[in-house]
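Residues per chain are reported as follows:
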Amino acid sequence: MQPHQETILSFLENHFKLKEHGTDVRTELLAGLTTFLTMAYIIFVNPSILGSAGMPTDAVFVATCLAAAIGSLIMGLYANYPIALAPGMGLNAYFAFIVVKQMGLSWEVALGAVFISGCLFLLVSLFRLREMIINGIPASIRIAIAVGIGLFLGLIALHNAGIVVANKDTMVTMGDLHSAPALLAIIGFFAIVALDKLKVKGAILIGIMLVTVLSFFFAGNKFGGLLSAPPSLAPTLFKLDIMGALSVGILNVVLVFFLVELFDATGTLMGVASRAGLLVDGKMARMNKALMADSCAIVAGAALGTSSTTAYIESAAGVQAGGRTGLTAVAVALLFLGCLFLSPLAAVVPAYATAPALLYVACLMLRELGEIDWNDTTESIPAAITALAMPFTYSIATGVAFGFISYAVLKLLTGRARDVKAAVWVIAALFLFKFIYLGAG
């Protein structure tokens, strides 16, 4: 072995404590590749979603790769956890379809809101306020937010595939299932589910690429090449409008970004760490470092030009493959950097090719419904209202607001006001004030 190789291996051993965690460099790198394959779909899905909000897709593609690389590097080098980060599903939909398209804010203002939420997340992590906030929010509402975002994503996916379309009489109805986009999306969805069930690595990515390839033959898509120099990041770099975000208030936009980021990151980190056997007495020893990595990634991503970056539950695939340290996350980061040269491939992926991935992720997000206590209607009804309101009002913020308000009201009316933590009263009061005095827009 060459001296420089020994130096590198010695550094990796000392920094990541590989032997202490019962792993080695080869295992960690293979785990990183496994995690990357399961989450690489985001480099196609994120530009597609944010592009619908008017953002330049080539620049978003670069921002997505860089944000994922930066976030994963910080997580790996600073927190030493095998958890990768990238722009989050659900949060990108809220950014594009609600904040920009429905509320009418510019994408620059939306990026400003993401930046502010990231700074708040950073402060919460820095001053160790996370546990106080998390413990103050009812578990039923936390679960319902994830489920509601899943339902919302499902509606967007079915619309992008042309399976669900608008109707003036019934609001929504079935689209033309004989059309090529709808048929290809259906094929892609079943392929993803089947491959994932068969434990094929990169099932979602394979499904997206399958539909894209078929689109050249059956939907008139045109191939624009495979490799090229990375596109310019200039159209989105530092284009965030922080003052514009502050001027529209924080209740509808920043608060939702912040709450979902906090719940999503904490739940994902705990879930993956538990799968890896890295919990000590049920806790993550370096949770605050992991949350700091997450919040720094949000701030960096907003500056680059993408919606909130967060920890990915797909990291569990790498853990299953043996990943136990931050070297796994570093490997993911390097692979995302390599993806910068795949922009021509990303440009030819149609919306109906990413729709099956959205729908599959949406379906997985519904599985937490079983954890709600359906026998206690003061818990289950607010949860159901939260989840149902998101797709039916086409607003994640409205669903969160209805959930907190209904939870507080039902506990009050049933004589259980003392069961409600202070955080719920504060958030419910803020949303109620908004609806009464500022309107529902």
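Analysis parameters
- Residues numbered from 1 in each chain as written.
- Predicted model: local features only at pLDDT ≥ 70, side-chain atom pairs only at ≥ 80, totals over all residues.
- Heavy atoms only, no water.
- Helix = DSSP H or I, 4+ residues; strand = E, 2+ residues; numbered from the N terminus.
- Rg over C-alpha atoms; globule rule 2.2 N^0.38 Å.
- Contact = heavy atoms within 4.5 Å.
- Areas by Shrake-Rupley, 256 points an atom, 1.4 Å probe, with all protein chains shown as cover.
- Axes fitted to C-alpha atoms, helices over the stretch in contact; angles between N-to-C directions.
- Parallel < 35°, antiparallel > 145°, perpendicular 65-115°, else oblique.
- Left-handed = near helix turned anticlockwise from the far one by under 90°.
- Nonpolar A, V, L, I, M, F, W, Y, C, P; charged D, E, K, R; others polar.
- Patch = residues over 30% accessible without salt bridge, like charges linked within 9 Å, V, L, I, M, F, W, Y side chains within 5 Å.
- Salt bridge = Lys/Arg side-chain N within 4 Å of Asp/Glu carboxyl O.
- Buried < 20%, exposed > 50% of the residue type's maximum accessible area, 1.4 Å probe, protein only.
- Expected span 1.5 Å × (residues − 1).
- Core = buried A, V, L, I, M, F, W, Y, C linked by side-chain atoms within 4.5 Å.
- Pairing = 2+ DSSP bridges.
- Polar contact = N/O pair within 3.5 Å; in protein donor to acceptor, adjacent residues only side chain to side chain.

Considering the overall build of the chain
Turning to step 1, where the next piece is worked out: What the chain contains, in helices and strands, is 20 helices and 6 strands.
Turning to step 2, where the next piece is worked out: In terms of overall size, the chain behaves like a compact globule, its C-alpha atoms giving a radius of gyration of 22 Å where 441 residues would be expected to give roughly 22 Å.
Turning to step 3, where the next piece is worked out: Considering only C-alpha atoms, the chain reaches an extent of 75 × 55 × 45 Å along its principal axes.
Turning to step 4, where the next piece is worked out: Across the chain, every contact between residues at least 6 apart in sequence was considered, and the portion connecting residues at least 24 apart equals 81%.
Turning to step 5, where the next piece is worked out: Surface summary for the chain: the accessible area is close to 18,600 Å², and the carbon and sulfur share equals 67%.

Examining the packing of helix α8 (residues 139–160) against helix α18 (residues 377–392)
Turning to step 1, where the next piece is worked out: Between α8 and α18, the shortest axis-to-axis distance is 7 Å and the interhelical angle comes to 25°. The angle between the axes of α8 and α18 places the two elements in the roughly parallel class. Our pair here, α8 against α18, has a crossing hand that is right-handed. Along its contact with α8, which presents S140, I141, A144, I145, V147, G148, I149, L151, F152 and L155, the element α18 presents E379, P382, A383, T386, A387, M390 and P391.
Turning to step 2, where the next piece is worked out: Looking at the contact of α8 with α18 residue by residue, the class counts come to 13 nonpolar, 3 polar and 1 charged.

Points about a nonpolar patch on the surface
Turning to step 1, where the next piece is worked out: Nonpolar side chains collect at one region of the surface, where L120, L123, L126, F127, L129 and M132 lie side by side and expose about 600 Å² of accessible area between them.
Turning to step 2, where the next piece is worked out: Sorting elements by how many residues they give to the nonpolar patch places helix α6 (residues 107–126) first, with 3 residues.
Turning to step 3, where the next piece is worked out: In this fold, F127 is placed in the loop between α6 and α7 (130–136).
Turning to step 4, where the next piece is worked out: Given the relative accessible area of 57%, F127 is considered exposed.

Digging into helix α9 (residues 180–197)
Turning to step 1, where the next piece is worked out: Between its first and last C-alpha atoms α9 spans 26 Å; for 18 residues at 1.5 Å apiece the expected length is 26 Å, and the two agree.
Turning to step 2, where the next piece is worked out: Along α9, the positions that sit buried rather than exposed are A182, L184, A185, G188, F189, A191 and I192.
Turning to step 3, where the next piece is worked out: Phi turns positive one or two residues past the end of α9, at K199, with a value near 60°.

Thoughts on the pattern of salt bridges
Turning to step 1, where the next piece is worked out: Within the structure shown, the criterion is met by 4 salt bridges.
Turning to step 2, where the next piece is worked out: Note that K411 and E379 form a salt bridge whose closest N and O atoms lie 3.0 Å from each other. One end of the pair, K411, is in helix α19 (residues 396–413); the other, E379, is in helix α18, and 32 residues separate them in sequence.
Turning to step 3, where the next piece is worked out: Judged by relative accessible area, which is 1%, K411 ranks as buried.
Turning to step 4, where the next piece is worked out: When the shortest N-O distance is used, the salt bridge between D419 and R416 registers 3.1 Å.

A short note on the packing of α18 against α19
Turning to step 1, where the next piece is worked out: Contact geometry of α18 with α19 gives a least axis separation of 7 Å together with a crossing angle of 165°. The angle between the axes of α18 and α19 places the two elements in the roughly antiparallel class. Note on packing geometry: the crossing formed by α18 with α19 is right-handed. For the pair α18 and α19, the contacting residues are T377, T378, E379, I381, P382, I385, T386, A389 and M390 in the first and I396, G399, V400, F402, G403, S406, Y407, L410 and K411 in the second.
Turning to step 2, where the next piece is worked out: Across the contact of α18 with α19, the residue classes break down as 10 nonpolar, 6 polar and 2 charged.

Digging into the nonpolar core
Turning to step 1, where the next piece is worked out: Within the largest apolar cluster, 129 residues are counted, with the highest numbers of intra-cluster contacts made by F95 and F404.
Turning to step 2, where the next piece is worked out: In terms of residue count, the dominant contributor to this core is helix α12 (residues 254–275) (13 residues).
Turning to step 3, where the next piece is worked out: Ignoring anything within four residues of it in the chain, the contact list for F404 reads I137, I141, L259, V424, I427, A428 and F431.
Turning to step 4, where the next piece is worked out: Counting 6 residues, the second largest nonpolar core, distinct from the first, contains A144, V147, I372 and A383.

Brief notes about the pairing of strand β2 (residues 164–167)
For a regular strand, side chains alternate in direction, first toward one face of the sheet and then toward the other.
Turning to step 1, where the next piece is worked out: Where β2 lies against strand β3 (residues 171–174), 4 bridges are found, and the strand directions are antiparallel. Counted as the bridge partner of V165 is T173 from β3.
Turning to step 2, where the next piece is worked out: Counting the residues in the hairpin turn of β2 and β3 gives 3 residues.

Some points on α18
Turning to step 1, where the next piece is worked out: In a regular helix each residue adds 1.5 Å, so 16 residues correspond to 22 Å; α18 covers 21 Å between its end C-alpha atoms and thus fits that length.
Turning to step 2, where the next piece is worked out: Those residues of α18 not exposed but buried are T378, E379, S380, P382, A383, T386, A387, A389, M390 and P391.
Turning to step 3, where the next piece is worked out: Buried residues in α18 make contact with α8 and α19.
Turning to step 4, where the next piece is worked out: At the exit of α18 stands Y394, carrying a positive phi of roughly 55°.

Some thoughts on the environment of M55
Turning to step 1, where the next piece is worked out: On the secondary structure map, M55 appears in the loop between α3 (42–51) and α4 (57–79).
Turning to step 2, where the next piece is worked out: Here M55 falls in the buried class, since its relative accessible area comes to 3%.
Turning to step 3, where the next piece is worked out: Sequence separation of M55 and I187 is 132 residues, and the distance between their C-alpha atoms is 29 Å.
Turning to step 4, where the next piece is worked out: Residue contacts for M55: discarding those within four places in its chain leaves L50, V60, F95, W107, L111, T236 and G305.

Quick word on the environment of S308
Turning to step 1, where the next piece is worked out: Within the secondary structure, S308 sits in the loop between α13 (287–304) and β6 (309–311).
Turning to step 2, where the next piece is worked out: The class for S308 is buried, based on a relative accessible area of 0%.
Turning to step 3, where the next piece is worked out: Separated by 91 residues in the primary sequence, S308 and G399 place their C-alpha atoms 19 Å from one another.
Turning to step 4, where the next piece is worked out: If near-sequence neighbours (up to four positions away) are discounted, S308 is found in contact with A86, P87, G88, L91, V114, F257, E261 and I298.
Turning to step 5, where the next piece is worked out: A polar contact of 2.5 Å, which involves the side chain of S308, links it to the side chain of E261.

As for the side chain of S343
Turning to step 1, where the next piece is worked out: Locating S343 in the fold gives a position in helix α16 (residues 343–347).
Turning to step 2, where the next piece is worked out: Among the polar contacts made by the side chain of S343, one reaches the side chain of S228 at a distance of 3.2 Å.
Turning to step 3, where the next piece is worked out: Not counting residues within four places of it along the chain, the set of residues in contact with S343 comprises F61, S228, A229 and P231.

Nothing here speaks to function; it is all geometry.
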